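Structure at a glance
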Amino acid sequence: MTSLSNLNMASEVTWCSDHQLDELHTLMSLGSTENAVITLAKLPEEESVVVVDSAAWAAVRTQTDHQISGCTLSALEREDEDTSMLGWSLAHDTAIVPVEATAWPLYDTGQFQPFPSERPYHEILWRDWEDLSAQTADPDLGSENGPLFEFRVMSYNILAQDLVEQSPDLYLHCQPDILDWSYRLPNLLQEIQHWDPDVLCLQEVQENHYCEQLEPTFRMMGFVCVYKRRTGKKTDGCAICYKHSRFQLISASPVEYFRPGLDILNRDNVGLVLLLQPLLPEGIEQKATSPLCVANTHVLYNPRRGDIKLAQMALLLAEIDKVAKTVEGSYCPVILCGDLNAVPDSPLYKFIRNGQLFYHGMPAWKVSGQEDLSQQQHQRKLQTPLWHSCLGITDNCQYVTLCQPKKSDRHKYSRDFLLQFRFCDAACERPAHLILLEGVTDVKPDCPAHWPKHLTMVNDPNPELFFPRSPGVIRHGLNLTSAYSHFLLQEGRSEVTTMPMGLGATVDYIFYSTEPTENGNKGGRRLYRDGALKLLGRLSLLSEDVLWLANGLPNPFCSSDHLCLLASFGLEISSA
(Lines give C-alpha, C1' and ligand atoms only; values in the text may rest on other atoms or scores of the structure.)
Protein backbone atom coordinates (compact mmCIF):
# COMPACT_ATOMS: atom_id res chain seq x y z
CA MET A 1 0.00 0.00 0.00
CA THR A 2 1.34 3.39 -0.96
CA SER A 3 1.13 5.63 2.08
CA LEU A 4 1.50 9.39 2.32
CA SER A 5 5.07 9.04 3.49
CA ASN A 6 6.46 6.87 0.70
CA LEU A 7 4.65 8.08 -2.42
CA ASN A 8 7.99 8.88 -4.05
CA MET A 9 9.50 5.43 -3.43
CA ALA A 10 7.71 3.47 -6.14
CA SER A 11 9.45 1.18 -8.62
CA GLU A 12 9.68 1.59 -12.38
CA VAL A 13 6.85 0.33 -14.58
CA THR A 14 7.76 -1.53 -17.74
CA TRP A 15 5.67 -2.16 -20.79
CA CYS A 16 4.80 -5.35 -22.65
CA SER A 17 4.66 -5.79 -26.39
CA ASP A 18 1.66 -7.32 -28.17
CA HIS A 19 3.44 -10.65 -28.48
CA GLN A 20 4.37 -10.69 -24.80
CA LEU A 21 0.84 -9.85 -23.75
CA ASP A 22 -0.52 -12.69 -25.88
CA GLU A 23 1.85 -15.09 -24.14
CA LEU A 24 0.76 -13.73 -20.79
CA HIS A 25 -2.89 -14.38 -21.55
CA THR A 26 -2.01 -17.85 -22.83
CA LEU A 27 -0.34 -18.68 -19.52
CA MET A 28 -3.34 -17.32 -17.60
CA SER A 29 -5.71 -19.49 -19.60
CA LEU A 30 -3.79 -22.70 -18.73
CA GLY A 31 -5.21 -22.91 -15.23
CA SER A 32 -5.39 -21.42 -11.78
CA THR A 33 -2.20 -20.60 -9.93
CA GLU A 34 -2.86 -19.77 -6.33
CA ASN A 35 -0.51 -17.54 -4.38
CA ALA A 36 2.18 -18.02 -7.00
CA VAL A 37 4.55 -15.56 -8.67
CA ILE A 38 5.42 -16.46 -12.26
CA THR A 39 8.07 -14.79 -14.38
CA LEU A 40 7.63 -15.21 -18.10
CA ALA A 41 10.71 -16.90 -19.46
CA LYS A 42 10.67 -15.13 -22.80
CA LEU A 43 10.40 -11.66 -21.32
CA PRO A 44 13.49 -9.64 -20.53
CA GLU A 45 14.41 -9.77 -16.89
CA GLU A 46 13.44 -6.17 -16.24
CA GLU A 47 10.01 -6.71 -17.83
CA SER A 48 8.74 -9.40 -15.49
CA VAL A 49 5.01 -9.55 -14.86
CA VAL A 50 3.48 -10.77 -11.65
CA VAL A 51 0.47 -13.06 -11.52
CA VAL A 52 -1.48 -13.02 -8.28
CA ASP A 53 -4.51 -15.24 -7.71
CA SER A 54 -4.88 -15.95 -11.42
CA ALA A 55 -4.97 -12.27 -12.32
CA ALA A 56 -2.06 -10.45 -13.95
CA TRP A 57 -1.61 -6.72 -14.00
CA ALA A 58 0.38 -5.19 -16.81
CA ALA A 59 1.03 -1.49 -17.12
CA VAL A 60 -1.61 -0.79 -19.74
CA ARG A 61 -2.53 2.75 -20.72
CA THR A 62 -5.97 3.47 -22.17
CA GLN A 63 -5.99 5.45 -25.41
CA THR A 64 -8.85 7.34 -26.99
CA ASP A 65 -8.51 5.35 -30.22
CA HIS A 66 -9.25 2.09 -28.35
CA GLN A 67 -5.65 0.91 -28.58
CA ILE A 68 -4.08 -0.32 -25.39
CA SER A 69 -0.33 0.01 -25.30
CA GLY A 70 -0.03 -1.02 -28.92
CA CYS A 71 -2.61 -3.84 -28.62
CA THR A 72 -6.04 -3.85 -30.15
CA LEU A 73 -9.00 -3.77 -27.81
CA SER A 74 -9.95 -7.33 -28.77
CA ALA A 75 -6.54 -8.58 -27.62
CA LEU A 76 -7.33 -7.61 -24.05
CA GLU A 77 -11.09 -8.00 -24.17
CA ARG A 78 -12.65 -9.39 -21.01
CA GLU A 79 -15.93 -11.26 -20.86
CA ASP A 80 -17.60 -8.92 -18.37
CA GLU A 81 -15.97 -5.62 -19.24
CA ASP A 82 -17.49 -2.68 -17.36
CA THR A 83 -17.24 0.13 -19.90
CA SER A 84 -18.46 2.72 -17.44
CA MET A 85 -15.25 2.37 -15.48
CA LEU A 86 -13.06 3.21 -18.45
CA GLY A 87 -13.77 6.84 -17.64
CA TRP A 88 -11.21 6.56 -14.86
CA SER A 89 -8.41 6.09 -17.38
CA LEU A 90 -5.68 8.65 -17.85
CA ALA A 91 -5.65 11.35 -20.47
CA HIS A 92 -4.36 10.49 -23.95
CA ASP A 93 -0.92 12.02 -23.63
CA THR A 94 -0.39 11.52 -19.91
CA ALA A 95 2.92 10.01 -18.91
CA ILE A 96 2.74 6.80 -16.92
CA VAL A 97 5.08 6.14 -14.09
CA PRO A 98 6.09 4.60 -10.91
CA VAL A 99 3.95 2.39 -8.77
CA GLU A 100 4.79 -0.03 -6.03
CA ALA A 101 6.88 -3.08 -6.79
CA THR A 102 3.98 -5.34 -5.84
CA ALA A 103 1.64 -5.67 -8.79
CA TRP A 104 -2.02 -4.69 -8.43
CA PRO A 105 -4.44 -7.55 -9.15
CA LEU A 106 -7.18 -7.12 -11.70
CA TYR A 107 -10.26 -8.15 -9.75
CA ASP A 108 -13.08 -10.27 -11.10
CA THR A 109 -15.39 -7.24 -11.12
CA GLY A 110 -13.72 -6.08 -14.32
CA GLN A 111 -12.63 -2.84 -12.64
CA PHE A 112 -9.98 -0.95 -14.56
CA GLN A 113 -7.37 0.77 -12.45
CA PRO A 114 -5.05 3.19 -14.25
CA PHE A 115 -1.56 3.80 -13.02
CA PRO A 116 -0.66 6.96 -11.14
CA SER A 117 1.31 9.66 -12.85
CA GLU A 118 5.08 9.86 -12.53
CA ARG A 119 4.56 12.69 -10.04
CA PRO A 120 3.62 11.75 -6.46
CA TYR A 121 0.05 12.23 -5.34
CA HIS A 122 0.73 15.35 -3.31
CA GLU A 123 2.14 17.07 -6.41
CA ILE A 124 -0.73 15.99 -8.65
CA LEU A 125 -3.28 17.20 -6.12
CA TRP A 126 -1.41 20.38 -5.21
CA ARG A 127 -3.82 23.18 -4.34
CA ASP A 128 -2.75 26.82 -4.37
CA TRP A 129 -3.86 29.42 -1.88
CA GLU A 130 -5.61 32.32 -3.63
CA ASP A 131 -5.06 35.63 -1.84
CA LEU A 132 -8.09 37.88 -2.37
CA SER A 133 -7.34 40.45 0.32
CA ALA A 134 -6.50 43.13 -2.25
CA GLN A 135 -10.03 42.86 -3.67
CA THR A 136 -11.62 43.74 -0.31
CA ALA A 137 -10.36 47.34 -0.35
CA ASP A 138 -13.29 49.75 -0.66
CA PRO A 139 -12.35 52.73 -2.87
CA ASP A 140 -14.97 54.86 -1.11
CA LEU A 141 -13.19 54.36 2.22
CA GLY A 142 -9.64 55.01 1.06
CA SER A 143 -6.76 52.65 0.53
CA GLU A 144 -7.06 50.96 3.91
CA ASN A 145 -10.02 49.54 5.79
CA GLY A 146 -10.30 49.27 9.54
CA PRO A 147 -8.98 46.31 11.56
CA LEU A 148 -10.42 42.88 10.81
CA PHE A 149 -11.02 39.78 12.87
CA GLU A 150 -9.56 37.13 10.55
CA PHE A 151 -10.55 33.47 10.64
CA ARG A 152 -10.70 30.39 8.41
CA VAL A 153 -13.73 28.24 7.63
CA MET A 154 -13.54 24.69 6.25
CA SER A 155 -16.41 22.68 4.81
CA TYR A 156 -15.74 18.98 4.31
CA ASN A 157 -17.83 15.92 3.48
CA ILE A 158 -15.61 13.25 5.04
CA LEU A 159 -17.54 10.20 3.70
CA ALA A 160 -19.18 8.10 6.42
CA GLN A 161 -17.76 4.59 6.60
CA ASP A 162 -21.23 3.02 6.75
CA LEU A 163 -22.05 4.65 3.41
CA VAL A 164 -18.87 3.22 1.89
CA GLU A 165 -19.87 -0.27 2.95
CA GLN A 166 -23.49 0.18 1.85
CA SER A 167 -22.52 1.28 -1.68
CA PRO A 168 -19.34 -0.61 -2.64
CA ASP A 169 -20.10 -0.25 -6.36
CA LEU A 170 -19.27 3.45 -6.12
CA TYR A 171 -15.69 2.69 -5.09
CA LEU A 172 -14.60 -0.12 -7.38
CA HIS A 173 -11.81 2.11 -8.69
CA CYS A 174 -10.17 2.18 -5.24
CA GLN A 175 -7.80 -0.32 -3.72
CA PRO A 176 -9.70 -1.90 -0.81
CA ASP A 177 -7.06 -0.92 1.76
CA ILE A 178 -7.50 2.81 1.24
CA LEU A 179 -11.23 2.52 1.99
CA ASP A 180 -10.64 1.17 5.50
CA TRP A 181 -11.52 3.65 8.22
CA SER A 182 -8.22 2.88 9.93
CA TYR A 183 -6.45 4.23 6.83
CA ARG A 184 -8.79 7.14 6.10
CA LEU A 185 -9.07 8.60 9.61
CA PRO A 186 -5.38 9.60 10.01
CA ASN A 187 -5.40 11.10 6.53
CA LEU A 188 -8.51 13.18 7.25
CA LEU A 189 -7.20 14.39 10.60
CA GLN A 190 -3.81 15.23 9.10
CA GLU A 191 -5.47 17.27 6.35
CA ILE A 192 -7.65 19.19 8.80
CA GLN A 193 -4.73 19.85 11.12
CA HIS A 194 -2.58 21.03 8.22
CA TRP A 195 -5.05 23.69 7.05
CA ASP A 196 -5.85 24.69 10.64
CA PRO A 197 -9.38 26.11 10.27
CA ASP A 198 -11.00 28.12 13.06
CA VAL A 199 -14.49 26.87 12.12
CA LEU A 200 -14.98 23.37 10.77
CA CYS A 201 -18.24 22.25 9.11
CA LEU A 202 -18.37 18.50 8.48
CA GLN A 203 -20.92 16.36 6.68
CA GLU A 204 -21.36 12.57 6.72
CA VAL A 205 -19.95 12.31 10.22
CA GLN A 206 -20.70 8.81 11.51
CA GLU A 207 -22.05 8.97 15.05
CA ASN A 208 -19.89 6.28 16.67
CA HIS A 209 -16.77 7.66 14.98
CA TYR A 210 -17.67 11.14 16.18
CA CYS A 211 -18.17 10.07 19.80
CA GLU A 212 -15.21 7.70 20.04
CA GLN A 213 -12.56 9.29 17.82
CA LEU A 214 -13.35 12.59 16.11
CA GLU A 215 -14.74 14.66 18.97
CA PRO A 216 -12.00 13.65 21.47
CA THR A 217 -9.32 14.42 18.86
CA PHE A 218 -10.86 17.75 17.89
CA ARG A 219 -11.12 18.64 21.58
CA MET A 220 -7.38 18.12 21.93
CA MET A 221 -6.90 20.34 18.86
CA GLY A 222 -8.75 23.16 20.64
CA PHE A 223 -12.21 22.71 19.11
CA VAL A 224 -15.63 22.73 20.72
CA CYS A 225 -17.99 20.53 18.68
CA VAL A 226 -21.76 20.46 18.14
CA TYR A 227 -23.21 17.41 16.40
CA LYS A 228 -26.60 16.54 14.91
CA ARG A 229 -27.28 13.02 13.69
CA ARG A 230 -29.71 12.37 10.88
CA THR A 231 -33.16 11.26 11.95
CA GLY A 232 -34.54 7.75 11.51
CA LYS A 233 -32.07 4.88 11.23
CA LYS A 234 -29.29 6.88 9.57
CA THR A 235 -25.95 6.68 11.37
CA ASP A 236 -24.29 9.88 10.14
CA GLY A 237 -24.94 13.57 10.51
CA CYS A 238 -23.47 17.08 10.51
CA ALA A 239 -21.03 18.72 12.91
CA ILE A 240 -19.80 22.26 13.45
CA CYS A 241 -16.55 22.67 15.39
CA TYR A 242 -15.05 26.00 16.43
CA LYS A 243 -11.84 27.01 18.19
CA HIS A 244 -12.73 27.99 21.76
CA SER A 245 -9.82 30.42 21.72
CA ARG A 246 -11.42 32.34 18.81
CA PHE A 247 -15.17 32.07 19.40
CA GLN A 248 -17.74 31.74 22.16
CA LEU A 249 -21.03 29.93 21.61
CA ILE A 250 -24.18 32.06 21.94
CA SER A 251 -26.74 29.52 20.68
CA ALA A 252 -26.98 26.21 18.81
CA SER A 253 -30.05 25.27 16.76
CA PRO A 254 -30.34 21.80 15.19
CA VAL A 255 -32.75 21.58 12.25
CA GLU A 256 -34.59 18.38 11.36
CA TYR A 257 -36.04 18.31 7.86
CA PHE A 258 -38.29 15.33 8.55
CA ARG A 259 -41.86 16.41 9.26
CA PRO A 260 -44.44 13.62 9.80
CA GLY A 261 -47.39 13.79 7.44
CA LEU A 262 -45.72 16.02 4.85
CA ASP A 263 -44.60 14.18 1.71
CA ILE A 264 -42.33 17.05 0.73
CA LEU A 265 -40.43 16.69 4.02
CA ASN A 266 -40.27 12.93 4.54
CA ARG A 267 -36.47 12.48 4.42
CA ASP A 268 -33.94 12.22 7.23
CA ASN A 269 -31.55 15.04 6.33
CA VAL A 270 -30.58 17.61 8.95
CA GLY A 271 -28.92 20.98 9.40
CA LEU A 272 -27.18 22.87 12.18
CA VAL A 273 -27.11 26.62 12.90
CA LEU A 274 -24.72 28.20 15.43
CA LEU A 275 -24.45 31.78 16.60
CA LEU A 276 -20.86 32.55 17.61
CA GLN A 277 -19.30 35.57 19.26
CA PRO A 278 -15.76 36.31 18.01
CA LEU A 279 -13.22 36.75 20.81
CA LEU A 280 -10.91 39.67 20.12
CA PRO A 281 -7.25 39.35 21.13
CA GLU A 282 -5.98 41.03 24.24
CA GLY A 283 -4.84 44.61 23.84
CA ILE A 284 -7.79 45.67 21.67
CA GLU A 285 -9.86 47.76 24.04
CA GLN A 286 -13.16 49.45 23.42
CA LYS A 287 -13.62 47.37 20.29
CA ALA A 288 -16.33 44.90 19.30
CA THR A 289 -17.52 42.71 16.46
CA SER A 290 -20.97 41.52 15.56
CA PRO A 291 -21.88 37.87 16.19
CA LEU A 292 -21.34 35.38 13.38
CA CYS A 293 -24.02 32.92 12.25
CA VAL A 294 -22.60 29.63 10.90
CA ALA A 295 -24.88 27.05 9.26
CA ASN A 296 -24.05 23.56 8.00
CA THR A 297 -26.22 21.05 6.15
CA HIS A 298 -26.29 18.01 3.89
CA VAL A 299 -29.25 18.21 1.51
CA LEU A 300 -31.01 15.18 0.00
CA TYR A 301 -29.11 13.53 -2.86
CA ASN A 302 -32.01 12.18 -4.99
CA PRO A 303 -31.77 14.15 -8.29
CA ARG A 304 -35.47 13.52 -9.02
CA ARG A 305 -36.78 15.21 -5.86
CA GLY A 306 -35.91 18.85 -6.31
CA ASP A 307 -39.11 19.75 -4.49
CA ILE A 308 -37.75 18.15 -1.32
CA LYS A 309 -34.39 19.92 -1.75
CA LEU A 310 -36.10 23.32 -1.97
CA ALA A 311 -38.28 22.63 1.07
CA GLN A 312 -35.25 21.51 3.10
CA MET A 313 -33.35 24.63 2.12
CA ALA A 314 -36.36 26.80 3.01
CA LEU A 315 -36.41 25.28 6.50
CA LEU A 316 -32.70 25.97 6.97
CA LEU A 317 -33.00 29.55 5.69
CA ALA A 318 -35.93 30.17 8.04
CA GLU A 319 -33.79 29.01 10.97
CA ILE A 320 -30.90 31.22 9.81
CA ASP A 321 -33.34 34.12 9.52
CA LYS A 322 -34.41 33.57 13.13
CA VAL A 323 -30.90 33.14 14.55
CA ALA A 324 -29.11 35.85 12.56
CA LYS A 325 -31.72 38.61 12.82
CA THR A 326 -30.77 41.41 15.19
CA VAL A 327 -33.02 43.53 17.38
CA GLU A 328 -32.90 46.30 14.76
CA GLY A 329 -34.24 43.90 12.11
CA SER A 330 -31.00 43.55 10.14
CA TYR A 331 -28.86 40.40 9.92
CA CYS A 332 -25.50 39.65 11.47
CA PRO A 333 -22.91 38.12 9.08
CA VAL A 334 -23.84 34.63 7.88
CA ILE A 335 -21.73 31.74 6.57
CA LEU A 336 -23.57 28.78 5.05
CA CYS A 337 -21.60 25.60 4.36
CA GLY A 338 -22.55 22.16 3.18
CA ASP A 339 -23.06 19.49 0.59
CA LEU A 340 -26.13 20.80 -1.25
CA ASN A 341 -26.22 18.11 -3.95
CA ALA A 342 -26.81 20.78 -6.59
CA VAL A 343 -24.46 22.12 -9.26
CA PRO A 344 -23.58 25.79 -9.88
CA ASP A 345 -26.19 27.82 -11.76
CA SER A 346 -28.87 25.23 -11.05
CA PRO A 347 -32.22 26.65 -9.85
CA LEU A 348 -31.40 25.66 -6.25
CA TYR A 349 -28.03 27.41 -6.46
CA LYS A 350 -29.61 30.51 -8.00
CA PHE A 351 -32.27 30.56 -5.30
CA ILE A 352 -29.60 30.71 -2.59
CA ARG A 353 -27.46 33.26 -4.40
CA ASN A 354 -30.06 35.51 -6.05
CA GLY A 355 -32.64 35.36 -3.28
CA GLN A 356 -35.62 34.23 -5.33
CA LEU A 357 -36.85 31.41 -7.56
CA PHE A 358 -39.88 31.14 -9.82
CA TYR A 359 -40.56 27.43 -9.52
CA HIS A 360 -44.15 26.79 -10.67
CA GLY A 361 -44.23 24.14 -13.40
CA MET A 362 -40.49 23.44 -13.16
CA PRO A 363 -39.53 19.73 -13.52
CA ALA A 364 -38.34 18.49 -10.13
CA TRP A 365 -35.15 16.95 -11.59
CA LYS A 366 -34.10 20.34 -12.93
CA VAL A 367 -33.84 21.95 -9.48
CA SER A 368 -30.42 20.51 -8.66
CA GLY A 369 -29.03 20.06 -12.19
CA GLN A 370 -27.33 16.79 -11.21
CA GLU A 371 -28.79 14.76 -14.07
CA ASP A 372 -30.67 15.47 -17.29
CA LEU A 373 -33.88 13.47 -16.99
CA SER A 374 -35.80 15.40 -19.63
CA GLN A 375 -36.38 12.26 -21.71
CA GLN A 376 -38.16 10.39 -18.94
CA GLN A 377 -41.92 10.09 -18.96
CA HIS A 378 -44.19 11.06 -16.07
CA GLN A 379 -41.92 13.79 -14.75
CA ARG A 380 -42.77 15.33 -11.40
CA LYS A 381 -43.38 19.08 -11.70
CA LEU A 382 -43.41 21.66 -8.94
CA GLN A 383 -46.82 23.05 -8.05
CA THR A 384 -48.00 26.10 -6.14
CA PRO A 385 -47.75 26.30 -3.17
CA LEU A 386 -44.56 24.32 -2.73
CA TRP A 387 -45.28 23.46 0.92
CA HIS A 388 -48.39 23.47 3.08
CA SER A 389 -49.10 26.44 5.31
CA CYS A 390 -49.12 24.11 8.33
CA LEU A 391 -45.31 24.08 8.06
CA GLY A 392 -45.39 27.59 9.48
CA ILE A 393 -42.96 29.06 6.93
CA THR A 394 -43.79 31.87 4.55
CA ASP A 395 -42.76 32.05 0.92
CA ASN A 396 -40.02 34.43 2.10
CA CYS A 397 -38.44 31.57 4.09
CA GLN A 398 -39.34 33.05 7.46
CA TYR A 399 -41.21 31.58 10.41
CA VAL A 400 -44.77 32.87 10.45
CA THR A 401 -44.61 33.45 14.18
CA LEU A 402 -41.54 35.67 13.92
CA CYS A 403 -42.36 37.99 11.03
CA GLN A 404 -44.76 40.91 10.89
CA PRO A 405 -47.79 40.46 8.63
CA LYS A 406 -48.54 42.92 5.90
CA LYS A 407 -51.20 45.46 6.72
CA SER A 408 -54.45 43.71 5.94
CA ASP A 409 -57.88 43.25 7.51
CA ARG A 410 -58.00 39.68 6.28
CA HIS A 411 -57.67 36.87 8.79
CA LYS A 412 -57.90 33.11 8.68
CA TYR A 413 -60.72 31.89 10.91
CA SER A 414 -61.38 28.52 12.47
CA ARG A 415 -64.04 26.14 11.16
CA ASP A 416 -66.13 26.44 14.32
CA PHE A 417 -66.23 30.20 14.00
CA LEU A 418 -67.43 30.09 10.38
CA LEU A 419 -70.12 27.47 11.15
CA GLN A 420 -71.94 30.11 13.19
CA PHE A 421 -73.14 31.63 9.93
CA ARG A 422 -74.36 28.44 8.28
CA PHE A 423 -78.09 29.17 8.80
CA CYS A 424 -78.05 32.92 9.23
CA ASP A 425 -80.52 35.04 7.22
CA ALA A 426 -77.92 35.95 4.61
CA ALA A 427 -76.99 32.30 4.07
CA CYS A 428 -80.62 31.25 3.63
CA GLU A 429 -81.54 34.03 1.20
CA ARG A 430 -81.62 33.06 -2.45
CA PRO A 431 -79.40 35.41 -4.57
CA ALA A 432 -81.46 37.33 -7.10
CA HIS A 433 -79.24 36.46 -10.10
CA LEU A 434 -78.88 32.76 -9.25
CA ILE A 435 -80.09 30.51 -12.08
CA LEU A 436 -83.29 28.73 -11.04
CA LEU A 437 -82.92 24.95 -11.06
CA GLU A 438 -85.91 23.04 -9.72
CA GLY A 439 -85.01 21.01 -6.69
CA VAL A 440 -81.57 22.60 -6.47
CA THR A 441 -81.54 26.39 -6.25
CA ASP A 442 -85.22 26.81 -5.37
CA VAL A 443 -84.92 25.04 -2.04
CA LYS A 444 -84.36 27.01 1.13
CA PRO A 445 -82.17 25.21 3.70
CA ASP A 446 -84.05 24.14 6.79
CA CYS A 447 -82.62 25.33 10.05
CA PRO A 448 -82.19 22.42 12.51
CA ALA A 449 -84.34 22.46 15.61
CA HIS A 450 -81.33 22.82 17.90
CA TRP A 451 -80.05 25.86 16.01
CA PRO A 452 -80.55 29.11 17.96
CA LYS A 453 -83.22 31.42 16.50
CA HIS A 454 -81.22 34.49 17.38
CA LEU A 455 -77.56 34.34 16.41
CA THR A 456 -75.07 35.49 19.01
CA MET A 457 -71.74 35.98 17.26
CA VAL A 458 -68.75 34.60 19.13
CA ASN A 459 -65.38 36.01 18.09
CA ASP A 460 -62.66 33.55 17.18
CA PRO A 461 -60.32 33.48 20.21
CA ASN A 462 -57.24 32.61 18.12
CA PRO A 463 -57.57 33.98 14.60
CA GLU A 464 -54.54 33.23 12.42
CA LEU A 465 -52.75 36.13 10.83
CA PHE A 466 -53.18 36.25 7.08
CA PHE A 467 -50.00 35.89 5.06
CA PRO A 468 -50.56 35.98 1.30
CA ARG A 469 -48.83 33.21 -0.62
CA SER A 470 -46.74 34.25 -3.59
CA PRO A 471 -47.86 32.59 -6.85
CA GLY A 472 -45.07 30.14 -7.69
CA VAL A 473 -42.13 32.06 -6.24
CA ILE A 474 -40.03 31.74 -3.08
CA ARG A 475 -37.59 34.31 -1.70
CA HIS A 476 -35.14 35.07 1.08
CA GLY A 477 -33.32 38.23 2.13
CA LEU A 478 -29.91 37.00 3.33
CA ASN A 479 -27.84 38.30 0.35
CA LEU A 480 -25.58 35.24 0.06
CA THR A 481 -22.85 34.63 -2.50
CA SER A 482 -20.34 31.83 -3.02
CA ALA A 483 -16.75 32.04 -1.78
CA TYR A 484 -15.72 30.15 -4.96
CA SER A 485 -16.06 31.15 -8.60
CA HIS A 486 -16.63 27.53 -9.78
CA PHE A 487 -14.29 28.03 -12.74
CA LEU A 488 -10.51 27.74 -13.03
CA LEU A 489 -9.47 30.65 -15.25
CA GLN A 490 -5.89 29.51 -15.84
CA GLU A 491 -6.95 26.00 -16.87
CA GLY A 492 -10.18 27.02 -18.58
CA ARG A 493 -12.04 24.25 -16.78
CA SER A 494 -14.76 23.94 -14.16
CA GLU A 495 -13.92 23.41 -10.52
CA VAL A 496 -14.74 20.03 -9.03
CA THR A 497 -15.53 19.13 -5.42
CA THR A 498 -16.53 15.49 -5.94
CA MET A 499 -16.19 12.82 -8.63
CA PRO A 500 -18.90 10.14 -8.44
CA MET A 501 -18.35 7.31 -10.96
CA GLY A 502 -15.59 9.31 -12.64
CA LEU A 503 -17.72 12.38 -13.43
CA GLY A 504 -16.55 15.57 -11.77
CA ALA A 505 -19.08 17.98 -10.26
CA THR A 506 -19.35 20.81 -7.75
CA VAL A 507 -21.92 20.16 -5.02
CA ASP A 508 -20.11 21.56 -1.94
CA TYR A 509 -20.22 25.25 -1.10
CA ILE A 510 -19.29 28.01 1.30
CA PHE A 511 -21.76 30.89 0.99
CA TYR A 512 -21.31 34.11 2.93
CA SER A 513 -23.41 37.23 3.41
CA THR A 514 -22.67 40.37 1.42
CA GLU A 515 -24.35 43.62 0.44
CA PRO A 516 -26.18 44.17 -2.85
CA THR A 517 -24.69 46.77 -5.17
CA GLU A 518 -26.53 49.80 -6.50
CA ASN A 519 -26.53 48.31 -10.01
CA GLY A 520 -28.94 45.60 -8.84
CA ASN A 521 -28.31 42.63 -11.11
CA LYS A 522 -26.72 41.67 -14.39
CA GLY A 523 -28.37 39.16 -16.69
CA GLY A 524 -30.57 37.83 -13.90
CA ARG A 525 -27.56 37.43 -11.59
CA ARG A 526 -27.64 39.63 -8.51
CA LEU A 527 -24.49 41.68 -7.94
CA TYR A 528 -22.91 41.95 -4.51
CA ARG A 529 -19.99 43.57 -2.73
CA ASP A 530 -18.37 42.65 0.55
CA GLY A 531 -19.96 44.19 3.63
CA ALA A 532 -18.93 43.68 7.25
CA LEU A 533 -17.77 40.16 6.32
CA LYS A 534 -14.96 40.14 3.75
CA LEU A 535 -13.55 37.24 1.73
CA LEU A 536 -9.74 37.36 2.11
CA GLY A 537 -8.68 34.13 0.40
CA ARG A 538 -9.52 30.55 -0.48
CA LEU A 539 -7.90 27.21 -1.16
CA SER A 540 -8.10 26.50 -4.88
CA LEU A 541 -10.08 23.53 -6.14
CA LEU A 542 -9.09 21.07 -8.86
CA SER A 543 -10.44 20.14 -12.27
CA GLU A 544 -11.79 16.79 -13.35
CA ASP A 545 -8.80 15.86 -15.49
CA VAL A 546 -6.40 16.47 -12.61
CA LEU A 547 -8.38 14.11 -10.39
CA TRP A 548 -8.28 11.51 -13.17
CA LEU A 549 -4.51 11.46 -12.84
CA ALA A 550 -4.91 10.45 -9.20
CA ASN A 551 -7.50 7.73 -9.99
CA GLY A 552 -10.38 9.91 -8.81
CA LEU A 553 -11.67 10.15 -5.25
CA PRO A 554 -10.95 8.66 -2.77
CA ASN A 555 -7.29 7.91 -3.41
CA PRO A 556 -4.26 7.19 -1.20
CA PHE A 557 -3.75 10.93 -0.62
CA CYS A 558 -7.37 12.19 -0.32
CA SER A 559 -9.42 9.90 1.88
CA SER A 560 -12.88 11.20 1.05
CA ASP A 561 -14.92 11.25 -2.14
CA HIS A 562 -15.14 15.03 -1.73
CA LEU A 563 -12.48 17.73 -1.64
CA CYS A 564 -12.42 20.05 1.34
CA LEU A 565 -13.31 23.73 0.87
CA LEU A 566 -11.37 26.36 2.82
CA ALA A 567 -11.91 30.12 2.87
CA SER A 568 -10.42 32.96 4.89
CA PHE A 569 -12.67 35.79 6.08
CA GLY A 570 -12.26 39.09 7.83
CA LEU A 571 -14.95 40.51 10.12
CA GLU A 572 -14.94 44.25 10.67
CA ILE A 573 -13.99 45.41 14.16
CA SER A 574 -15.87 48.51 15.27
CA SER A 575 -15.73 50.77 18.30
CA ALA A 576 -17.73 49.46 21.22
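Residues numbered from 1 in each chain as written. Predicted model: local features only at pLDDT ≥ 70, side-chain atom pairs only at ≥ 80, totals over all residues. Heavy atoms only, no water.

The name given to the protein chain in an unreviewed UniProt entry is Protein angel homolog 1, with the source organism recorded as Pelodiscus sinensis. Turning to the protein chain, the UniProt annotation filed under Sequence similarities (unreviewed entry) states: "Belongs to the CCR4/nocturin family." (UniProt positions renumbered as here; feature names shortened; annotations may be inferred.)

**So, the sheet that holds strand E10 (residues 247-256)**
Taken together, six strands build an open sheet; the order of strands is E10-E11-E13-E14-E22-E19 and the sheet is mixed. Of all strands in the sheet, those bounded by a partner on one side alone are E10 and strand E19 (480-482). For this sheet, the mean inter-axis angle between neighbouring strands, taken without regard to orientation, is 20 degrees. Strands in contact with helix H7 (residues 347-354) are strand E14 (334-339), E19 and strand E22 (508-513); relative to E19, the strand with the most contacts, it is inclined by about 125 degrees. (Pairing = 2+ DSSP bridges. Helix = DSSP H or I, 4+ residues; strand = E, 2+ residues; numbered from the N terminus. Axes fitted to C-alpha atoms, helices over the stretch in contact; angles between N-to-C directions. Contact = heavy atoms within 4.5 Å.)

**Points about the sheet that holds strand E8 (residues 223-229)**
The strand order across the open sheet formed by seven strands is E5-E25-E26-E6-E7-E9-E8, and the pairing between neighbours is mixed. The outermost strands of the open sheet, each flanked by one partner alone, are strand E5 (129-131) and E8. Sheet twist, expressed as the mean angle between neighbouring strand axes with direction ignored, is 25 degrees. Pairing between strand E25 (residues 533-539) and strand E26 (residues 565-572): five bridges, direction antiparallel. Bridged to Arg538 within E26 is Ala567.

**Some remarks on the packing of aromatic side chains**
Taken as a whole and assessed by the stated rule, the structure comprises ten aromatic pairs. Among the aromatic side chains, those forming a connected cluster through ring pairs are Phe149, Phe151, Phe247, Tyr512 and Phe569. Over the ring of Trp129 we find Arg152; its NZ or CZ atom is 4.5 Å from the centre of that ring. Here Lys243 stacks its cationic end above the ring of Phe223, 5.2 Å away from the centre of that ring. (Phe/Tyr/Trp six-rings, centres within 6.5 Å; stacked < 30°, edge-to-face > 60°. Lys NZ or Arg CZ within 6 Å of the ring centre and 35° of its normal.)

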